[in-house]
2 protein chains.
Amino acid sequence: MAKKRINMKDIAKEAGVSTATVSYIINKRSDQVIAPQTIKKVEEAIKRLGYVPNLGARALASKHSRLLGLLIPQTEKETKLMFSNSFYGSFLSSFEYEARKKGYNILISGTDVDESYVDVARKRSLDGIVIVGVEIESDIKDLKQIGIPTVLVDSYGMDKELSSVTIDDENGGFLATEYLIGMGHRTIGLATGFLTKEGVNTERLKGYEKALTGHGLPCVGQYVYSGTISYEYGLELGLQLAASSERPSAIFATADILAFGLIKGLKRGGLKVPEDISVVGFDDGFLAGNMEPALTTVRQDVDGKARIAAQLVIDEIEEKENGSNIVLPVSLVERESVRKLVLH
Amino acid sequence: MAKKRINMKDIAKEAGVSTATVSYIINKRSDQVIAPQTIKKVEEAIKRLGYVPNLGARALASKHSRLLGLLIPQTEKETKLMFSNSFYGSFLSSFEYEARKKGYNILISGTDVDESYVDVARKRSLDGIVIVGVEIESDIKDLKQIGIPTVLVDSYGMDKELSSVTIDDENGGFLATEYLIGMGHRTIGLATGFLTKEGVNTERLKGYEKALTGHGLPCVGQYVYSGTISYEYGLELGLQLAASSERPSAIFATADILAFGLIKGLKRGGLKVPEDISVVGFDDGFLAGNMEPALTTVRQDVDGKARIAAQLVIDEIEEKENGSNIVLPVSLVERESVRKLVLH
DNA sequence: GTGAAAGCGCTAACAT
DNA sequence: ATGTTAGCGCTTTCAC
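Predicted model only: the values in this text are computed from it and were never measured.

Rules behind the numbers
Along each chain, residues carry numbers from 1 onward, in the same order as the chain's sequence is written. Think of it this way: whatever chain is written first is A, whatever ligand is written first is 1, and the rest follow in order. Predicted model: local features are reported for residues with pLDDT of at least 70 only, side-chain atom pairs are reported and counted for 80 or more only, and whole-chain, interface and lining totals are derived from all residues. The side-chain numbers reported here are obtained from all heavy atoms of the structure, hydrogens and water having been left aside. Superposition of the copies used a least-squares fit over C-alpha atoms from residues whose pLDDT is at least 70 in both. In what follows, a contact means two residues having at least one pair of non-hydrogen atoms within 4.5 Å. What counts as a helix is a DSSP run of H or I of at least four residues, what counts as a strand is a run of E of at least two, and both are numbered from the N terminus. When a residue's accessible area, from a 1.4 Å probe over protein chains only, is under 20% of the maximum for its type it is buried; when over 50% it is exposed; and in between it is partly exposed. In short, DSSP must find at least two bridges between two strands for them to pair. Here an angle of 0 to 180 degrees is reported between the N-to-C directions of two axes, which are lines fitted to C-alpha atoms, with helices fitted over the stretch in contact.

**Student:** Give a detailed account of the relation of the copies chain B and chain A, specifying residues and quantitative values.
**Tutor:** Superposing chain B onto chain A takes a rotation of 180° plus a shift of 0.0 Å along the axis, which leaves an RMSD of 0.1 Å. Such a turn and shift between the copies fits a two-fold axis. For chain B, the residue whose C-alpha comes nearest the rotation axis is B:Leu107, separated from it by 2.3 Å. Here 100% of the interface residues in chain B have copies in chain A that are interface residues too; the copies meet face to matching face.

**Student:** Tell me about unusual backbone geometry, residues and numbers included.
**Tutor:** All names here are of chain B. Omega for the bond connecting valine 273 with proline 274 falls within 30 degrees of zero, at 10°, which places this linkage in the cis form. On the secondary structure map, proline 274 appears in the loop between helix H11 (256-268) and strand E9 (278-283). A cis amide bond links glutamate 292 with the next residue in sequence, proline 293, at an omega value of 0°. Relative to the helices and strands, proline 293 is located in the loop between E9 and strand E10 (296-299). For aspartate 154, which is not glycine, the phi dihedral falls at a positive 60°. Examined against the element boundaries, aspartate 154 turns out to sit in the loop between strand E4 (150-153) and strand E5 (163-167). Positive phi is not limited to glycine here, since aspartate 284 has a value of about 60°. Summarising the element assignment, aspartate 284 is placed in the loop between E9 and E10. Its relative accessible area of 12% is what places aspartate 284 among the buried residues.

**Student:** So what about the sheet that holds strand E5 (residues 163-167) of chain A? Which residues, and what values?
**Tutor:** As summarised here, the arrangement of the 12 strands in space is E11(A)-E5(A)-E4(A)-E3(A)-E1(A)-E2(A)-E2(B)-E1(B)-E3(B)-E4(B)-E5(B)-E11(B), forming an open sheet in which the pairing is mixed. Only two strands of the sheet have a single neighbouring strand rather than two, namely strand E11 (325-328) of chain A together with strand E11 (325-328) of chain B. Neighbouring strand axes in the sheet, compared pairwise and without regard to direction, differ in orientation by 20° on average. With four bridges connecting them, strand E1 (residues 67-71) of chain B and strand E2 (residues 105-108) of chain B associate as parallel partners. Directly across from B:Leu68, in E2(B), lies its bridge partner B:Ile106.

What follows is the structure in structure tokens.
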């Protein structure tokens, strides 16, 4: 308790100046000219007393919190954040780093039933928001209306006016499927999450279909398995497929984590990958190369995505720019989870 | 710009009451008796105008920000947060969830060279802090001095007065090593991160040594490999060991992620796991069972750790309790990465 | 070049 | 049962 926190007034008194002067100095305001010796006096007082500005108070007065919100989707059953998928962990790492370098801190919050993310944003006076991989149309509309700079990551067609960063998901789906076709596969399944109208999964599906039809292959819903992007669903599906006779010779899973579960399930079901069935993933997280078999997958640049997302919100907050729609390229990383089929 | 944000005064005016009354109602203060109809009027006004309280202003006036800081270690080279280790992602998920249920938000921040975490805590008026797996003595001393409730996770002997939650790391190391010995291994290596005086790695090392000496086995530094807790270091070490003739028959890696890298390195180096060399990990993250071979590892309850950490800080903030030192149990999960050695 | 003072939106004594 | 009002720590306009 005790020890009253040092505030600006204390510094002002100690240095024998006004709080206004202290404020000017702390904020290094270029529009205010301060005598060098005054600056020195104040800086010494700050050091001597160990003063740390209260950003909450500053936010109240200045309307800038220098706080960024990161919205991560929640798992279906739980309302916990989806950090089991290491994609989000990597994203957060890079995002926080980039933001911190520019003087912003990150607030992480899921949303409860009774409270939208927009409320969190307002409550906490967030300067900007990055939403990754979720589509809550109403929220986004509200966000725009309130005028909080928002950047959408991995979200399609939500709102062209908002800044966004995505990867070329359709092409990713295309590359994966083309590759499989090139390896001789003719019945190719797709394992994916919930297919929202504008989500990444749908884009990857489009690429998948494009490749299929491009080669005159049938593109029937029968081989599209849609569940959740999770290890568990992959496992379940793998087991199921292993037990089925109506099974494609290859599967494109729209996330590595899904592919991992899938492979495990297939193996448990007695199949060998890639001997009996081939699998291609998506993400190329750091474990992909370590799986057995090493996963052939579509590589995306998570680090780049995160940094760009941070830059975009911050630029928008600081009114340097706005409304960019960035699309990052993807590529296929060939490893060992696909077998070359010899056609007879 | 435009649209002025609705504040408490607006609500007061709309409902025909004072701001104090609005404040009492919003905070559901039990020490204030308000007429039901007044409550109704105010609640309607809030709804009608779409009012959301400004927590920054509240924090300023009440000295409670309802913000918790989560301090995650940074990687050595970069100053990025260490979220590649999925342990931290899982921890964050559960921690955020538990805190949110109790009305707290989470601020994530790394630290820069010129700014300690204590500064962040003060700047952002954090109500409490959870520090996981790092030992910055000076910071912790400052934190205590400033009187910000702090909970140490995975940190030993730092300060008995601070609340903490750990798992029984020493026992974990012991279990893993005992198991290996029971499987017939006599030369057992230890792969771990940087061995700080009071870190988890050192505790696990103690358990390792205890098991060894308990069986009269030599406990020489020769087989202790200390690098960083990372996939990369594991890989490097694996490669190195594979090329060496002086190699233990089994290795206990003090983190799954390290074990993953290690196994990959060993394999690349031409060895088979567990045929040529056995590996035990630590954590039992959700991928452990999926590796090839499935990893035998020490299981810890990350979810429990995170929830308890959240509870402890919050209890301390709300002055319900303080100074608990919780130790969670661990157990060994037997899978396929260890070979039973027949002694001749 | 520096300072006085009016807020920012809220809480909490203290009145009534 | 409700209102008045003085801050909380900072920024910013306007004086000087």
